[in-house]
Amino acid sequence: MMDGVAIDGSSTSNSDKPRRGRRVRMTGAERRQQLLDIGRTLFAERGFEGTSVEEIAAKAGVSKPVVYEHFGGKEGLYAVVVDREMRQLLDMVTGALTAGHPRELLEQAAFALLDYIETYTDGFRILVRDSPVAQSTGTFASLISDIATQVEDILGLEFKARGFDPKLAPLYAQALVGMVALTGQWWLDARKPKKAEVAAHLVNLAWHGLDGLEPKPRLIGHRKS
């Protein structure tokens, strides 16, 4: 074989040789998703204050300016992560409310939240943390209010059908959803008893409490205001 030419006359230039060790360059969308995944993991483990742009960049194998280019900084990345988790949980809860019977609706809501905690544990850890950059539309409390809004319409119809004041439906919706959410925070780490049993106990308390509801509840203590 002559230099650069094979015996059969074909070219063997360097450009025809297989290239090794070349890193595949990510697209902008792929890099953004990578940074979101890394940020999500770190925020869940260490919280907002315990996570730095330097660490996010290092784990992604990029320089700090790349993080700023995509999100404007740690606050911007955190806001996108929180927004995605909130939409995921809200979609799971509202999508689960399909049954016609009120008790089964309670079961579906409880299961939806527990399913989210089980499947998106990091996301739930982020949502229940307090952050200095969380706005009124980006807190766990506001998320609970969003879910309660979905429930209050259902409760309002049930209240009206049973002779209760439908104007009180928002209050009861907040109480019911809040009870499930706080229990979910406890179950996040406890993970006992099993998910179905937790859901059953939540519905047991909520349903039998609603079943014996007084149209005009009275206080029995001395304080009246």
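A.B. asks: Mind showing me how you'd approach the overall build of the chain here?
C.D. replies: Of regular secondary structure, the chain possesses nine helices and zero strands. Each helix (α) and strand (β) of the chain, taken in turn from the N terminus, gives the series α-α-α-α-α-α-α-α-α. The proportion of buried residues among the 225 residues of the chain is 37%. Once local pairs closer than 6 in sequence are excluded, the contacts in the chain between residues at least 24 apart make up 65%. Summing over all exposed atoms, the chain offers an accessible surface of approximately 14,100 Å²; the carbon and sulfur share of this is 53%.

A.B. asks: I tried to follow the environment of Ala 96 on my own but got confused; where do I start?
C.D. replies: Looking at the element boundaries, Ala 96 is found in helix 4 (residues 74-96). Given the relative accessible area of 22%, Ala 96 is considered partly exposed. Ala 96 sits 12 residues away from Gln 108 along the chain, and the two C-alpha atoms are 5.7 Å apart. If near-sequence neighbours (up to four positions away) are discounted, Ala 96 is found in contact with Gln 108 and Ala 112.

A.B. asks: Would you explain helix 3 (residues 64-71) in this entry?
C.D. replies: Structurally, the α-helix is built with 3.6 residues per turn, so residues lying three or four positions apart point the same way. Residues of helix 3 that are buried: Val 66, Val 67 and Phe 71. All buried residues of helix 3 project into a common sector of 105° when viewed along the axis, lining one side. Turned more than 90 degrees away from the buried face of helix 3 sit Pro 65 and Glu 69, all of them exposed. Of the surrounding secondary structure, the elements contacted by the buried residues of helix 3 are helix 1 (28-46), helix 2 (53-60) and helix 4.

A.B. asks: Honestly, unusual backbone geometry in this entry has me stumped. Any pointers?
C.D. replies: Most peptide bonds adopt trans geometry, and most residues besides glycine take a negative phi value. Cis rather than trans, the peptide bond between Lys 192 and Pro 193 has omega equal to -5°. Within the secondary structure layout, Pro 193 lies in the loop between helix 8 (169-190) and helix 9 (195-211). Residues other than glycine seldom take positive phi values, yet Arg 191 does so here, at roughly 55°. Here Arg 191 lies in the loop between helix 8 and helix 9.

A.B. asks: Teacher, can you tell me more about the packing of aromatic side chains here?
C.D. replies: Aromatic ring pairs are reported here in terms of the distance separating the ring centres and the angle at which the planes meet. Inspection of every chain in the model, using the stated rule, returns seven aromatic pairs. A centroid spacing of 6.3 Å and a plane angle of 70° characterise the contact between Tyr 116 and Phe 124, whose relative ring orientation is edge-to-face. The two residues Tyr 116 and Phe 124 agree in class, both being buried. Aromatic pair Phe 159 and Phe 164: ring centres 5.8 Å apart, planes at 50°, arrangement tilted.

Calculation rules
- Residues numbered from 1 in each chain as written.
- Predicted model: local features only at pLDDT ≥ 70, side-chain atom pairs only at ≥ 80, totals over all residues.
- Heavy atoms only, no water.
- Helix = DSSP H or I, 4+ residues; strand = E, 2+ residues; numbered from the N terminus.
- Buried < 20%, exposed > 50% of the residue type's maximum accessible area, 1.4 Å probe, protein only.
- Contact = heavy atoms within 4.5 Å.
- Areas by Shrake-Rupley, 256 points an atom, 1.4 Å probe, with all protein chains shown as cover.
- Arc of directions from axis to C-beta.
- Phe/Tyr/Trp six-rings, centres within 6.5 Å; stacked < 30°, edge-to-face > 60°.

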